[in-house]
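Next come the chains, spelled out residue by residue.
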Amino acid sequence: MKSALEAIRAAAHEQLQNTADLKDLEEIRIKFLGKKGELTAILKQMGKLTPEERPVMGQLANEVRAFIEEELATRQKALQEAATKEKLRQETLDVTMPGKTRSLGHKHPLTLVLDEVKEIFIGMGFDIVQGPEVELDYYNFEALNLPKDHPARDTQDTFYITDNILLRTQTSPMQVRTMEQRKPPLRIIAPGRVYRSDAVDATHSPVFHQIEGLVVDKGITMADLKGCLEAIVKRLYGQDAVVRFRPHHFPFTEPSAEVDIQCFGCHGEGCRLCKGEGWIEILGCGMVHPKVLSNCGIDPEVYSGFAFGIGLERLVMGRYSIDDLRLFYENDLRFLEQF
Ligand code: DAH
C-alpha cells in the first residue's frame, strides 16, 4: 500500500506539472481525490491492514492528499495568472494608433444659401411659412388676379392634375393663403419647391425653388420694397453689390419690377455667366395689386403691401459662379463636396 500511495503522489505530481489547462486541473483533482478517485480507492482498503499498519498508512495517505491539494492550488494559481496576463495582452489598446476617420455629410448649396436667406429675413422680423406643392388653381392663379382665360397663364407651363388642381408654378399662392389666415401687419417669407413643365437645360428644370415674400401694413410704399430688397442683396452678395430695378409686369402686383444684380463674373461687361447681359435677374417684385388684397379680405383703401419672388437657384448660381443648374440635382459628389 505504501508503494501504491507513493506511486499516486508521483503520478499526480507529474500530471500536474504537465498540464497547462484549468479544466485538466479539475479532471486531475477528480481522478486522484474524487469520491471514486485513486486515493479514495486505496483508503477503502485500510480495513485489510493490521492495527499497527493502519495509523502509519493513514498518516501517509493524509500526507499524499495534502501534497496533491497543495500542488493543485499552486498550479491553479499559476495557470490563472497566466490566463489573466494573456487576456490583458490580447486586449491591449494602442492609443497612439491613428483613428479611422468617417467623412461627414454636409449641406447642399441650395440649403446653405436658403438657410442664410431665412436668417437674414428672420433678423428683419419676417416669419417663415410653408404651404402645399399640390395646389388649387384658385390659389395659384385665380386669387392672384389671373382668371382662367388670362394670357399670362401661358407663361407658366403648368402641370395640371385635374382642372382645378395643379402643381404650384410659383410660391405666390402662399401670399393668398397667408392673407386669408392672418391679418396685417404681416411680414412673411415662404420658401419652397415649384413646378413647371419645362425641358431640362442649363437654366431650366421642371422642379426648382422660390422664396416668396410678403409685407402688408398701413402705409407700405415702393420705397419700403426697394430698401428691403437692396438690404437683402447686400447682405447676401456684399456691400458693393450693384442692384438694378427694371419695370416689368406681373398680374398680382402693380407696379411691378424685376431685380437684377450686376454679374460678378464680368462686373457688367458681359460674359458667359450672364450670357453677355452684364446683369443676372434674381427676383420679381411689386406692390401687391389692390384686387389681390380684396380677394383676401383686406381693404386696399386701408392697407398696402409689397411682394417678391426670389429664384433660389439663380441666387446660388450667382453666388458661386455656377453656370449649369443641372449640377444642383445630379448629386455628383465632385460638385457637392466643394461647398
Ligand atoms: N411668381 C412670380 C414668378 O414665378 C415671381 C414674382 C413676381 C413673385 C412678383 C412676386 C411678385 O411675389 O411680387 O415668376
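Residues numbered from 1 in each chain as written. Predicted model: local features only at pLDDT ≥ 70, side-chain atom pairs only at ≥ 80, totals over all residues. Heavy atoms only, no water.

1. A closer look at the site of the ligand
Part 1: Residues in close proximity to the ligand total 16 residues, the closest being Gln170, Gln175, Arg196, Gln210 and Glu212.
Part 2: At 3.2 Å from an oxygen atom of the ligand is found a main-chain nitrogen or oxygen belonging to Ala307.
Part 3: Within the complex, the protein chains bury 92% of what would otherwise be the 360 Å² of accessible surface of the ligand.
Part 4: Listing elements by their share of the shell around the ligand, those giving two or more residues are strand E5 (207-217), strand E8 (279-288) and strand E9 (304-311).
Part 5: In the shell around the ligand, the residues fall into five nonpolar, nine polar and two charged. (Near = heavy atom within 4 Å. Polar contact = N/O pair within 3.5 Å; in protein donor to acceptor, adjacent residues only side chain to side chain. Areas by Shrake-Rupley, 256 points an atom, 1.4 Å probe, with all protein chains shown as cover. Helix = DSSP H or I, 4+ residues; strand = E, 2+ residues; numbered from the N terminus. Nonpolar A, V, L, I, M, F, W, Y, C, P; charged D, E, K, R; others polar.)

2. Some points on the domain arrangement of the chain
For interface size, the figure often reported is the accessible area lost on association.
Part 1: What the domain assignment lists for the chain is domain 1 (2-91) and domain 2 (109-336).
Part 2: Inter-centroid distance (C-alpha atoms) of domain 1 to domain 2 is 93 Å. (Domains from an automatic or database assignment.)

3. So, the packing of helix H1 (residues 2-18) against helix H4 (residues 53-91)
Part 1: At their nearest, the axes of H1 and H4 sit 10 Å apart, and the two run at 0 degrees to each other. Relative to H4, the element H1 is oriented roughly parallel. On the side of H1, the interface is formed by Lys2, Leu5, Glu6, Ile8, Arg9, Ala12, His13, Leu16 and Gln17, while H4 contributes Met57, Leu60, Ala61, Glu63, Val64, Phe67, Ile68, Glu71, Leu72 and Arg75. (Axes fitted to C-alpha atoms, helices over the stretch in contact; angles between N-to-C directions. Parallel < 35°, antiparallel > 145°, perpendicular 65-115°, else oblique. Contact = heavy atoms within 4.5 Å.)

4. Remarks on the layout of surface pockets
Part 1: The space that makes up the second largest pocket amounts to roughly 220 Å³.
Part 2: Lining the second largest pocket we find 14 residues, and of these Gln130, Glu133, Pro191, Gly192 and Arg193 sit closest to its centre.
Part 3: Broken down by secondary-structure element, the contributors of at least two residues to the lining of the second largest pocket are helix H5 (109-123), strand E4 (186-195) and E5. (1 Å grid on protein atoms, 1.4 Å probe; cavity = no way out; pocket = protein on both sides within 12 Å on 5 of 7 lines; lining within 4 Å. Points joined across faces, edges and corners; volume = space filled by probe spheres on them.)

5. Comments concerning the pairing of E4
Part 1: In terms of residue burial, E4 counts as a mostly covered element, since eight of its ten residues are buried.
Part 2: Here strand E1 (residues 127-128) runs beside E4; their pairing, made up of two bridges, is parallel. Along E4, the bridge assignment pairs Asp127 with Ile188.
Part 3: Two strands pair when backbone bridges link them, and E4 and E5 are joined in this way by ten bridges, in the antiparallel orientation. Within E5, the residue paired with Pro191 across the bridge is Ile211. (Buried < 20%, exposed > 50% of the residue type's maximum accessible area, 1.4 Å probe, protein only. Pairing = 2+ DSSP bridges.)

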